[in-house]
Amino acid sequence: ELALKSLGSEGLFLFSSLDTNNDLYLSPEEFKPIAEKLSGVAPVSEFEEEETPDPSGEILSVVAKFQPLVMETMTKSKDGFLGISHVALSGLRNWTAPTTPMSVMLARQFKAFLPPKNKLDLGDPWWIIPSELNIFTGYLSNNRFYPPPPKGKEIIIHKLLSMFHPRPFVKTRFAPQGAVACIQAVSTFYYTIAFRIHAEFQLNEPPDFPFWFSPGQFTGHIVLSKDSSHVREFKLFVPNNRSLNVDMEWLYGASESSNMEVDIGYLPQMELESTGPSVPSVIHDENGNVIDSRDPSGEPIQFVFEEITWQQEIPWEEAARKLEVAMYPFKKVSYLPFTQAFERAKAEKKLVHSILLWGALDDHKPLSASLSVPGSGRTLRETVLESSPILALLNESFISSWSLVKELEELQTNRENEFYSKLADLHLEKYNFPVEMIICLPNGTVVHHINANYFLDITSMKPEDVESSIFSFSTNFEDPSTATYLQFLKEGLQRAKPYLQT
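Computed from a predicted structure; not experimentally measured.

Caption draft 1: Looking closely at the overall build of the protein. The secondary structure content of the protein amounts to twelve helices and 22 strands. Expressed as a percentage of the 502 residues in the protein, the buried residues total 51%. For the protein, long-range pairs separated by at least 24 residues make up 70% of all intrachain contacts whose partners lie at least 6 apart in sequence. When the accessible surface of the protein is split by element, carbon and sulfur atoms take 52% of a total near 24,000 Å².

Written out as structure tokens, the structure is:
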């Protein structure tokens, strides 16, 4: 109360965003972002790794490519961003190019991507940065502007993401956080490591309110020597194969409980790529003498690299799937693209279990998760969709799929394939914001559906308080959500029997 009286609500909001340990005291470390902002001088980074890389080791040149978010893909663009202050979106609108288009890094800094000794099998995932959040821990504060100092293996990822924007948060506010990797290929001296990173950016600074920019994921690969002295190639990117791939949230007031706007949009390009293999920073002749990096004509000395012969490898798609399942256990069930799911269901004579959302189900924080309403893809995937009984029944009796509303709206208007258009039409008829779970026949006929809000409402009630007989609770499972979703699936199977028998 005294702090509020002294600073006012907006002053307290700014103070709280810096006071990371909530002790109502700003340490020099907590005050540092403001000192840098006011002085315009950033001190030399002290975030050194436990082992300082050899400065005479190899160096890797990395370039950043960035195309800004397409503003017209945001839902709020449809009414011309009516009621949204220009200031709120200023950080987004002004971000048109990478902060650092090119950076030279020491090859040994990429040691963080090497596998631990117990994870040398192809496709066996490990955590580079472990997730510290789950459905029970909740999420981190929205009221922050400046990332905490990165530590250990976070340092190289923070450094890479800082090429796009100066304020990357290596640990996201929502689960699953972190970075996961697996070996995709192995040779005598090299690994190809596939990785997936969940990170987000803070686009605004005081006195504006926070604006969070959360790409669905960063993925990519690195080819590096087993002693991390040489990097053959490196690429990191935000996938752009879906029509929406970025979640955005911005606060409208000076407190954690202030109104928050949410939206989703499409980012055409956000990637980092090495310009070539890493090269020695210092060149020695056969006698150990340092020589010029250019030949007598002034041209850079050309290096010849041996061809890598891979002894074992798995396809990129398989490695990416292993990383996806590590992040999201619910993905132990395959979720096929919409039209492919119906083709598979017809071939295997199964029902389609479909989830229709405004935001993505397998991005690190689907947009619907940020809403104040209880129904969300995040809650579903972290509870019922991960439970063993649900996974078993889905694998046995259903073909699963999830889709974005926007994608089905586009499919609905596509008259080149009337069957696909009709499938989308039948789905959208049943959809209610933000998430709808649907069970249907291979021909698209919906036999059962339930909205996530209603589902979560009834599973939070006591069994005796549920008037509707649409779902019944089972005593076989302690978790009413799992019991109720299991009942939903079984009732869908029961209702479909007459159709499947004909």
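Caption draft 2: Structural detail: the sheet that holds strand β8 (residues 211-215). Strands sit in the order β4-β7-β8-β11-β12 across an open sheet of five strands; the sheet is antiparallel. Here the strands that pair on one side only, and so sit at the sheet edges, are β4 (168-169) and β12 (260-265). Relative to β12, strand β11 (residues 246-251) runs antiparallel, the two sharing six bridges. When the bridges of β12 are listed, D247 appears paired with I264.

Caption draft 3: View of the packing of aromatic side chains. Overall, the coordinates contain 21 aromatic pairs when judged by the stated rule. Aromatic pair F303 and F305: ring centres 6.5 Å apart, planes at 35°, arrangement tilted. Between F419 and Y420, the ring centres sit 6.1 Å apart and the planes meet at 45°, which makes this aromatic pair tilted. Residue classification places F419 among the partly exposed residues on the basis of a relative accessible area of 39%. Taken together, the ring pairs connect F66, W95, F164, F201, F213 and F218 into an aromatic cluster. Over the ring of F81 we find R93; its NZ or CZ atom is 5.2 Å from the centre of that ring. Seen from the ring of F237, K235 lies directly overhead, with NZ or CZ sitting 5.6 Å from the centre.

Caption draft 4: Geometry of the side chain of H353. With respect to the secondary-structure elements, H353 resides in strand β19 (residues 351-357). Residue classification places H353 among the buried positions, given a relative accessible area of 0%. In contact with H353, other than residues within four places in its own chain, are Y335, L385, L394, F398, I399, S400, S401, I438, Y485 and L489.

Caption draft 5: Structural view of the pattern of salt bridges. Per the stated rule, a full pass over the model turns up 14 salt bridges. Of the charged contacts in the structure, one is a salt bridge between E348 and R344, with a shortest N-O distance of 4.0 Å. Of this pair, E348 and R344 both sit in helix α6 (residues 338-348), four residues apart, roughly one helical turn. With a relative accessible area of 35%, R344 lands in the partly exposed category.

Caption draft 6: Just unusual backbone geometry, in detail. Between A175 and the following residue, P176, the backbone shows a cis peptide bond with an omega angle of -5°. Structurally, the position occupied by P176 is in the loop between β4 and β5 (178-186). Look at the link from F433 to P434: it is a cis peptide, with omega at 0°. Note on placement: P434 falls in the loop between α10 (418-430) and β21 (435-440). One non-glycine residue with positive phi stands out, namely F81, at about 55°. Phi angles above zero are rare outside glycine, and K349 is one such case at about 55°. The exposed category is assigned to K349, whose relative accessible area is 71%.

Caption draft 7: Structural detail: the confidence of the model for the protein. In the predicted model, the protein carries a mean pLDDT of 84, and 79% of its residues have values of at least 70. Ranking the elements of the protein by mean pLDDT puts strand β16 (residues 290-291) last with 66 and strand β13 (residues 269-274) first with 98. For the stretch residues 43-50, pLDDT sits under 50, and the model shows twelve contacts to residues farther than four places along the chain or on other chains. In this model residues 365-375 is a low-confidence stretch, pLDDT under 50, and it forms 41 contacts with partners more than four residues away in sequence or in other chains.

Caption draft 8: Molecular detail of the environment of A194. Considering the arrangement of structural elements, one finds A194 in strand β6 (residues 190-198). Between the C-alpha atom of A194 and that of P125, which follows or precedes it by 69 residues, the distance is 9.4 Å. If sequence neighbours within four positions are ignored, A194 has contacts with V180, A181, C182, Q184, G220, H221, W316, A319 and L323.

Caption draft 9: Representation of helix α8 (residues 388-397) within the structure. Within α8, the full set of buried residues consists of I390, L391, L393, L394 and S397. Residues of α8 that are buried in the fold lie against β18 (335-336), β19, β20 (398-404) and α12 (480-501).

Caption draft 10: The arrangement of the environment of A112 in detail. Residue position: A112 is located in the loop between β2 (102-106) and β3 (126-129). In this structure, the C-alpha to C-alpha distance between A112 and I157, residues 45 residues apart in sequence, is 8.9 Å. With residues near it in sequence (within four places) discarded, A112 still touches I128, K153 and I156.

Rules and cut-offs
Residues numbered from 1 in each chain as written. Predicted model: local features only at pLDDT ≥ 70, side-chain atom pairs only at ≥ 80, totals over all residues. Heavy atoms only, no water. Helix = DSSP H or I, 4+ residues; strand = E, 2+ residues; numbered from the N terminus. Buried < 20%, exposed > 50% of the residue type's maximum accessible area, 1.4 Å probe, protein only. Contact = heavy atoms within 4.5 Å. Areas by Shrake-Rupley, 256 points an atom, 1.4 Å probe, with all protein chains shown as cover. Pairing = 2+ DSSP bridges. Phe/Tyr/Trp six-rings, centres within 6.5 Å; stacked < 30°, edge-to-face > 60°. Lys NZ or Arg CZ within 6 Å of the ring centre and 35° of its normal. Salt bridge = Lys/Arg side-chain N within 4 Å of Asp/Glu carboxyl O. pLDDT = per-residue confidence, 0-100.

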